[in-house]
Amino acid sequence: AAKGYRHILLNEAAFDRWGEEEVYAFMDECDKLGMTVHVWFQAFYFDGKWVSPIDDEKKAIKQDFYDMVIERAKGYVKKGVKGIHLDYIRYGGTAHKHDYPECRATDSITEFCRQLNVAVKAINPDVILSAALMPEIDSEYYYGQDPAKMGKYVDVFMPMIYRYHAGSVKYGDNWCKQMSRLFTTVTDAQVWAGITSYEYDGNSVKSLPAERIREDAEVFLDTDCTGLVLFRYALGDFPDVNNLWN
């Protein structure tokens, strides 16, 4: 908090590992520090497998599955959670294989966002709904993500603009800015650019020093992004981000 961080995305596995009492106590302590805790969970990934939102035989959405995930979210919000973060809110690269005139792949993702919005906002109109999005031009074809439509029901987009990939291939600053524009130009939702606190050399994951993470963050200062999210896999060091954005 002293370094300027205002939000924490906490994977819901924390409840299984530490128990509800301890997790909610942690949330209360964060709240005292001015930090909002969002429960982060996988939407269409369950029990180690991707779940298609569409039943291919019926050519209709899997409403029972929608209801199960939404009930989980409602349970957290009823207990005071102020943010719900959706990861895996997409197909696993196969949206085009589940796309039918009667039930479009992109519409199935958008419909889930709509139903979730209606359900949790009825409990707390101020709850923050956020979603992790793939930073790819063909996102609709492969992942069923349509930012323009999803943005009607999601408050914050967190596109995964990860510039370090296998072999330490580094995407340049221009790529990062281009990816951010994919979202900021089509939606009224806030866009918080997602970056990594590590790099991957093809064999192992290496944590980045705070100075490098800060440099990567500064790339987005002249974009329309209004925030930044650090994916802390491998636990890179926290840079001071006070005054990063006005």
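Here is what the cut-offs are and how they apply
Residues numbered from 1 in each chain as written. Predicted model: local features only at pLDDT ≥ 70, side-chain atom pairs only at ≥ 80, totals over all residues. Heavy atoms only, no water. Helix = DSSP H or I, 4+ residues; strand = E, 2+ residues; numbered from the N terminus. Rg over C-alpha atoms; globule rule 2.2 N^0.38 Å. Buried < 20%, exposed > 50% of the residue type's maximum accessible area, 1.4 Å probe, protein only. Areas by Shrake-Rupley, 256 points an atom, 1.4 Å probe, with all protein chains shown as cover. Pairing = 2+ DSSP bridges. Axes fitted to C-alpha atoms, helices over the stretch in contact; angles between N-to-C directions. Core = buried A, V, L, I, M, F, W, Y, C linked by side-chain atoms within 4.5 Å. Contact = heavy atoms within 4.5 Å. Phe/Tyr/Trp six-rings, centres within 6.5 Å; stacked < 30°, edge-to-face > 60°. Lys NZ or Arg CZ within 6 Å of the ring centre and 35° of its normal. Left-handed = near helix turned anticlockwise from the far one by under 90°. Nonpolar A, V, L, I, M, F, W, Y, C, P; charged D, E, K, R; others polar.

What the chain contains, in helices and strands, is eight helices and 15 strands. Rg of the C-alpha trace for the chain: 18 Å, near the compact-globule value of 18 Å for 246 residues, within the 12% margin. Taking the principal axes of its C-alpha atoms as reference, the chain extends roughly 50 × 40 × 35 Å. Per-residue burial over the chain gives 48% buried out of 246 residues. Surface exposure of the chain reaches about 12600 Å², of which carbon and sulfur atoms provide 49%.

The next point concerns the sheet that holds strand β9 (residues 156-159). Strands sit in the order β1-β2-β7-β8-β9-β12-β15 across an open sheet of seven strands; the sheet is parallel. Each edge of the open sheet is held by one strand with a lone partner, namely β1 (7-11) and β15 (227-231). On average, each strand axis in the sheet is tilted by 25 degrees relative to the strand beside it, whichever way the strands run. Of the pairings in the sheet, the one linking β9 to strand β12 (residues 190-196) comprises two bridges and is parallel in character. Each residue of the ladder has a partner; that of valine 156, found in β12, is glutamine 190.

Ranked by size, the top nonpolar core spans 64 residues in total, and within it Ile84, Leu86, Ile89 and Phe112 carry the most contacts. Once residues within four sequence positions are removed from consideration, leucine 86 is found in contact with Phe41, Ala43, Phe112, Leu116, Ser130, Ala131 and Ala132. Within the second largest apolar cluster, five residues are counted, among which are Ala132, Met134, Tyr143 and Met160.

In this section: the pairing of strand β7 (residues 83-87). Judged by how many residues are buried, β7 sits mostly within the fold: five of five residues are covered. Here β7 shows a buried face lined by Gly83, His85 and Asp87 and a second buried face lined by Ile84 and Leu86. Bridge count between strand β2 (residues 36-42) and β7: five bridges; the pairing is parallel. In the strand pairing of β7, valine 39 is matched with isoleucine 84. Of the strand pairs in this sheet, β7 and strand β8 (residues 128-133) are connected by four bridges, and their pairing is parallel. By the bridge assignment, leucine 86 is partnered in β8 with alanine 131.

This part takes up the packing of aromatic side chains. Evaluated as defined, the whole model comprises 21 aromatic pairs. Judged by centre distance (5.1 Å) and plane angle (65 degrees), the ring pair of phenylalanine 44 and phenylalanine 112 falls under edge-to-face. With phenylalanine 44 in the loop between β2 and β3 (45-46) and phenylalanine 112 in helix α4 (residues 105-121), the pair connects residues that are 68 residues apart, well separated along the chain. An identical accessibility class is assigned to phenylalanine 44 and phenylalanine 112; each is buried. Measuring from ring centre to ring centre gives 4.2 Å for tyrosine 171 and tryptophan 175, while their planes differ by 20 degrees; the resulting arrangement is stacked. Across the ring face of tyrosine 100, the terminal group of lysine 59 is positioned such that the distance to the ring centre comes to 4.9 Å. Sitting over the ring of tyrosine 88, arginine 90 keeps its end group 5.0 Å from the ring centre.

Let's shift gears to unusual backbone geometry. Even without glycine at this site, aspartate 47 takes up a positive phi of about 55 degrees. Looking at the secondary structure, you find aspartate 47 in the loop between β3 and β4 (49-50). With relative accessibility at 71%, the residue aspartate 47 sits in the exposed group.

Looking at the secondary structure, you find histidine 85 in strand β7. Its relative accessible area of 4% is what places histidine 85 among the buried residues. Among residues more than four places away in sequence, those in contact with histidine 85 are Leu9, His38, Val39, Trp40, Phe41, Ser130, Ala131, Ala132 and Met158.

Let's shift gears to the packing of helix α3 (residues 63-78) against α4. The geometry of α3 relative to α4 is characterised by a closest axis approach of 10 Å and an angle of 35 degrees between their N-to-C directions. Every pair of crossing elements has a handedness; the one defined by α3 and α4 is right-handed. Touching Gln63, Tyr66, Asp67, Val69, Ile70, Ala73, Lys74 and Val77 of α3 are Ser108, Glu111, Phe112, Gln115, Leu116, Ala119 and Val120, all from α4. Taken together, the residues that form the contact of α3 with α4 break down as nine nonpolar, three polar and three charged.

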